[in-house]
Each structure stands twice: as C-alpha cells, then as structure tokens.
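What follows is the residue order along each chain.
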Amino acid sequence: MAKQPKRIQAWTGDTTATHALADAVKLVKANAKAKFDESIEIAVNLGVDPRHADQQVRGVVALPSGTGRDVRVAVIAKDAKAAEATAAGAEIVGAEDLVERIQGGFMDFDRVIATPDMMALVGRLGKVLGPRGLMPNPRVGTVTPNVAQAVKDAKGGSIEFRTEKTGIIHAGIGKASFSEEALAINVKAMIDALNKAKPSGAKGTYIKKISLSSTMGPGFRVDQGSIGV
C-alpha cells in the first residue's frame with residue numbers, strides 16, 4: 001500500500017463522525033496548515049434532482065463576514081450606468097466592446113453584472129459564461145438597473161450558489177484566517193439562504209448532508225441541529 005503524504009498523516013479529528021458546527025469549524029481551521037491562507041468551503045447535499053426545472057436551486061447570499069477574496073467585477077452597461085459601475089469599484093466596464101472581448105476569450109473577472117437594456121448583447125455570451133456559472137441572471141441580482149449596489153454587494157461578500165448535476169452545492173464561505181465565529185456566521189447565512197431557496201418540487205429530506213473543508217484539508221460533517229436556522 002502506498003504511504004500517505006505527510007500532510008495527510010498530520011490531519012487531526014474524526015472525519016467519519018458528525019460534529020456540532022463550532023467543533024467542525026475548529027477542526028477545519030486546525031487542519032488548514034498550508035503556507036497560504038486556505039479557502040474554507042461548504043458542500044451541501046440536497047435532496048433534489050436538478051434535471052427537473054422545479055427542483056433547481058439557485059440564488060445569492062450576502063455572507064456577513066465576507067469571503068476574504070478580492071472579487072473582480074465586470075459590468076456590461078453604457079453611458080450613465082457605466083459611470084455608476086466604475087464609481088462603485090468595478091474593474092472592467094463596457095458595452096459592445098466588452099462583449100466582443102469576452103467572446104474573444106477574455107475572462108479576467110469573477111462576477112459579471114449587466115443592465116436590463118444590455119441583455120440582447122449579453123445573450124451572445126451564454127455559451128461562454130453559462131458553463132462557468134457567470135451568466136448574468138435577474139434571479140440572483142446580476143441583471144439589474146442598480147449596478148452600483150450590485151457591484152458593492154459582489155465586493156462586500158455576496159456570492160452566488162447553484163446546484164451541480166449531482167444535487168450538491170459547493171461554495172467558499174471564508175478563509176482559514178477568519179475567526180471561528182466569523183466562519184460559523186457565514187455557514188448559518190448560507191444554510192438559511194438554501195432553506196429559503198427550497199424549490200417547490202423538492203420532496204422528502206431537503207438538506208441531506210453538510211460538510212466543511214479547507215483547500216488542502218479533510219472534510220468534516222456538520223450536525224444540522226447545531227446550526228440553528
């Protein structure tokens with residue numbers, strides 16, 4: 001049998017047990033020993049089949065403690081709305097020119113926001129942005145006339161979530177450098193948002209399993225009853 005790498009041998013905590021939220025957060029932080037500030041991620045197994053339209057889960061949540069990431073925002077708008085986006089801190093702003101750049105392969109951004117009047121242009125980007133989860137959508141607030149607020153939300157800790165084909169939600173909820181309390185608060189906000197986004201077609205147990213992990217560390221299962229939302 002191949003010998004496990006030293007970093008795996010150094011992991012602590014029971015990865016087969018279910019832990020209270022506070023304990024799971026503590027274990028995840030304790031195992032985040034990389035030389036960089038590891039991301040802390042949540043994985044939620046939902047009792048839905050995303051192949052059915054009435055069982056898709058998608059939304060946006062403002063994480064109270066922020067994400068710890070420097071989010072680069074691209075805004076597709078023109079005239080006064082473009083100026084508002086720039087003033088709000090968007091790194092990339094444009095209209096037809098930006099759409100052409102993205103079609104040409106430019107992807108140096110983490111979030112795309114568009115004004116409603118630009119959707120005829122944005123529609124051309126479906127095949128490029130859709131598979132990456134970056135396509136602007138009014139359901140998650142990325143198609144809006146209030147581009148300034150959307151930019152501020154994106155930079156202040158607002159993240160999008162959507163079910164993968166297997167019915168799992170993956171999302172970053174902070175960094176290993178965050179305090180245990182800050183991470184716990186973000187977890188509760190995420191689960192609350194998922195509960196509010198429960199689709200009408202979901203039957204049986206909706207949230208089946210919640211796990212937390214760091215970029216290089218093991219995953220720890222969280223007791224839903226300890227989250228309190």
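Keep in mind the model is a prediction, meaning the values are calculated, not measured.

## Section: the side chain of Ser-39
Topologically, Ser-39 is positioned in strand β2 (residues 39-46). One polar contact links Ser-39 to Lys-175, side chain to side chain, over a distance of 3.1 Å. Dropping the residues within four chain positions of it, Ser-39 is found in contact with Gly-174, Lys-175, Ser-213, Ser-214 and Thr-215.

## As for the sheet that holds strand β8 (residues 168-175)
Spatial strand order, β1-β10-β9-β2-β8: 5 strands in an open sheet with mixed pairing. The strands lining the two open edges of the sheet, one partner per strand, are β1 (18-19) and β8. In this sheet, strand β9 (residues 207-214) lies alongside β2 in antiparallel orientation, the contact comprising 7 bridges. Looking at β9, one finds that Leu-46 is bridged to Ile-207. Sheet strands touched by helix α2 (residues 21-30): β1, β2, β9 and β10 (220-222). Its angle to β9, the strand with the most contacts, is close to 30 degrees. Docked against the sheet, helix α8 (residues 180-196) engages β2, β8 and β9, running at close to 155 degrees with respect to β8.

## Quick word on α8
For α8, which comprises 17 residues, the first-to-last C-alpha distance of 25 Å matches the rise-based estimate of 24 Å (1.5 Å per residue) to within 8%. Inspection of α8 places Ala-182, Leu-183, Ala-184, Asn-186, Val-187, Ala-189, Met-190, Ile-191, Ala-193 and Leu-194 among the buried residues, and these make up the whole buried set. Turning to α8, the residues buried within the fold contact α2, β2, β3 (58-62), β7 (158-162), β8 and β9.

## Observations concerning unusual backbone geometry
Of note, Asp-79 is a non-glycine position whose phi angle comes to about 55 degrees, a positive value. Of note, Asp-79 is situated in helix α3 (residues 79-88).

## Section: the sheet that holds strand β6 (residues 111-114)
Spatial ordering of the open sheet is given by β5-β4-β6, a layout of 3 strands whose pairing is parallel. Either end of the sheet is taken by a strand with one partner, and the two such strands are β5 (92-94) and β6. Neighbouring strand axes in the sheet, compared pairwise and without regard to direction, differ in orientation by 15 degrees on average. The pairing of strand β4 (residues 73-76) with β6 spans 4 bridges and is parallel. Bridged to Ala-74 within β6 is Val-112. Against the sheet, helix α7 (residues 147-156) touches β4 and β6, its axis set at about 165 degrees to β4.

## Considerations on the pairing of β8
When you tally the buried positions in β8, you get 6 out of 8 residues, the bulk of the element. Pairing geometry for β2 and β8, over 7 bridges, is antiparallel. Looking at β8, one finds that Ile-40 is bridged to Gly-174.

## Some thoughts on the pattern of salt bridges
Pairing is possible between side chains of opposite charge, provided their charged atoms come close. A full pass over the atoms with the stated rule returns 8 salt bridges. With a shortest N-O distance of 3.8 Å, Glu-160 and Arg-58 are connected by a salt bridge. One end of the pair, Glu-160, is in strand β7; the other, Arg-58, is in strand β3, with 102 residues separating them in the sequence. When the shortest N-O distance is used, the salt bridge between Asp-110 and Arg-69 registers 3.3 Å. With a gap of 41 residues between them, Asp-110 in the loop between α4 (96-103) and β6 and Arg-69 in the loop between β3 and β4 connect regions that are remote in the sequence. Judged by relative accessible area, which is 28%, Asp-110 ranks as partly exposed. Among the residues examined, Arg-69 registers a relative accessible area of 46% and is labelled partly exposed. Overlapping salt bridges bring together Arg-58, Arg-111 and Glu-160 as one network.

## Some points on the packing of aromatic side chains
For the structure shown, the criterion picks out 1 aromatic pair. One Lys or Arg, Arg-101, reaches over the ring of Phe-106 and ends 4.0 Å from the middle of that ring.

Rules behind the numbers
- Residues numbered from 1 in each chain as written.
- Predicted model: local features only at pLDDT ≥ 70, side-chain atom pairs only at ≥ 80, totals over all residues.
- Heavy atoms only, no water.
- Helix = DSSP H or I, 4+ residues; strand = E, 2+ residues; numbered from the N terminus.
- Polar contact = N/O pair within 3.5 Å; in protein donor to acceptor, adjacent residues only side chain to side chain.
- Contact = heavy atoms within 4.5 Å.
- Pairing = 2+ DSSP bridges.
- Axes fitted to C-alpha atoms, helices over the stretch in contact; angles between N-to-C directions.
- Expected span 1.5 Å × (residues − 1).
- Buried < 20%, exposed > 50% of the residue type's maximum accessible area, 1.4 Å probe, protein only.
- Salt bridge = Lys/Arg side-chain N within 4 Å of Asp/Glu carboxyl O.
- Phe/Tyr/Trp six-rings, centres within 6.5 Å; stacked < 30°, edge-to-face > 60°.
- Lys NZ or Arg CZ within 6 Å of the ring centre and 35° of its normal.

Honestly, that's just the spatial picture; any functional story needs more than this.
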